[in-house]
Amino acid sequence: MSMLNSIFEIKSINGSYFLFIGLNHNHDNGYFIQVYNLLEFIATIATLSYGLVYYRDDEIKDSLNSFKVIRIKKGCIDIIDDNYLSPCEFMIED
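Notes on the structure in this doc start here. (Residues numbered from 1 in each chain as written. Predicted model: local features only at pLDDT ≥ 70, side-chain atom pairs only at ≥ 80, totals over all residues. Heavy atoms only, no water.)

## Focus on the overall build of the chain
Link 1 in the chain: Counting its regular elements, the chain contains two helices and five strands.
Link 2 in the chain: When its helices and strands are written in sequence order, the chain yields β-β-α-β-β-β-α.
Link 3 in the chain: When its C-alpha atoms are laid out on the principal axes, the chain stretches across 40 × 30 × 25 Å.
Link 4 in the chain: By sequence separation, contacts in the chain at least 24 residues apart represent 28% of the contacts at least 6 residues apart.
Link 5 in the chain: Roughly 7,300 Å² of accessible area belongs to the chain as shown, and the carbon and sulfur atoms make up 55% of that amount.
Link 6 in the chain: Considering the chain, the positive charge centre built from 7 side chains and the negative charge centre built from 13 side chains are found 9 Å apart. (Helix = DSSP H or I, 4+ residues; strand = E, 2+ residues; numbered from the N terminus. Contact = heavy atoms within 4.5 Å. Areas by Shrake-Rupley, 256 points an atom, 1.4 Å probe, with all protein chains shown as cover. Lys, Arg positive; Asp, Glu negative; His and termini not counted. Charge placed at Lys NZ, Arg CZ, Asp CG, Glu CD.)

## Brief notes about the sheet that holds strand β4 (residues 68–73)
By way of backbone hydrogen bonds, the strands of a sheet pair with one another, either parallel or antiparallel.
Link 1 in the chain: With respect to topology, three strands assemble into an open sheet ordered β3-β4-β5, the strand pairing being antiparallel. Both outer strands of the open sheet, β3 (51–55) and β5 (76–81), are each paired with one neighbouring strand and no more. Direction aside, neighbouring strands of the sheet carry axes that sit 20° apart on average.
Link 2 in the chain: As paired strands, β3 and β4 are joined by five bridges and run antiparallel to one another. Note that in β4 the partner of L52 across the bridge is R71. (Pairing = 2+ DSSP bridges. Axes fitted to C-alpha atoms, helices over the stretch in contact; angles between N-to-C directions.)

## A word on a nonpolar patch on the surface
Link 1 in the chain: Nonpolar side chains collect at one region of the surface, where F8, I10, Y17, L19, L23 and L38 lie side by side and expose about 590 Å² of accessible area between them.
Link 2 in the chain: Those elements that place two or more of their residues in the nonpolar patch are β1 (6–13) and β2 (16–23).
Link 3 in the chain: In terms of residue count, the dominant contributor to the nonpolar patch is β2 (three residues).
Link 4 in the chain: Along the chain, the position of F8 falls in strand β1. (Patch = residues over 30% accessible without salt bridge, like charges linked within 9 Å, V, L, I, M, F, W, Y side chains within 5 Å. Salt bridge = Lys/Arg side-chain N within 4 Å of Asp/Glu carboxyl O.)

Take a look at the structure:
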C-alpha cells in the first residue's frame, strides 16, 4: 500500500525518541487500522511510551464534526473523544 500524503519519522531529541505521524488522505483505504496497529505494537513493546494521535474521519456520519484521539499510556492504547478541537464546526471551521 502506498503511503503518499503521509509522513512517518522517528527522531532522537535530547536522548529521547519520538515518532511523528502525519496523514492527509481523501479516503481511509485501510490507513487508520495500519496506524492503530503500529501504535498498539509500540504500546506493547515499549510500555513506558506515551502520546496522542488526533484523527478525524469525515466519511463516518457520527465523526463528521469531531476529532477522536488515540491515546497511549502505560502500555495501553484506547480511543477517546476530543474536547479541544471538537465540534469542528464553530471551533475550527466557520
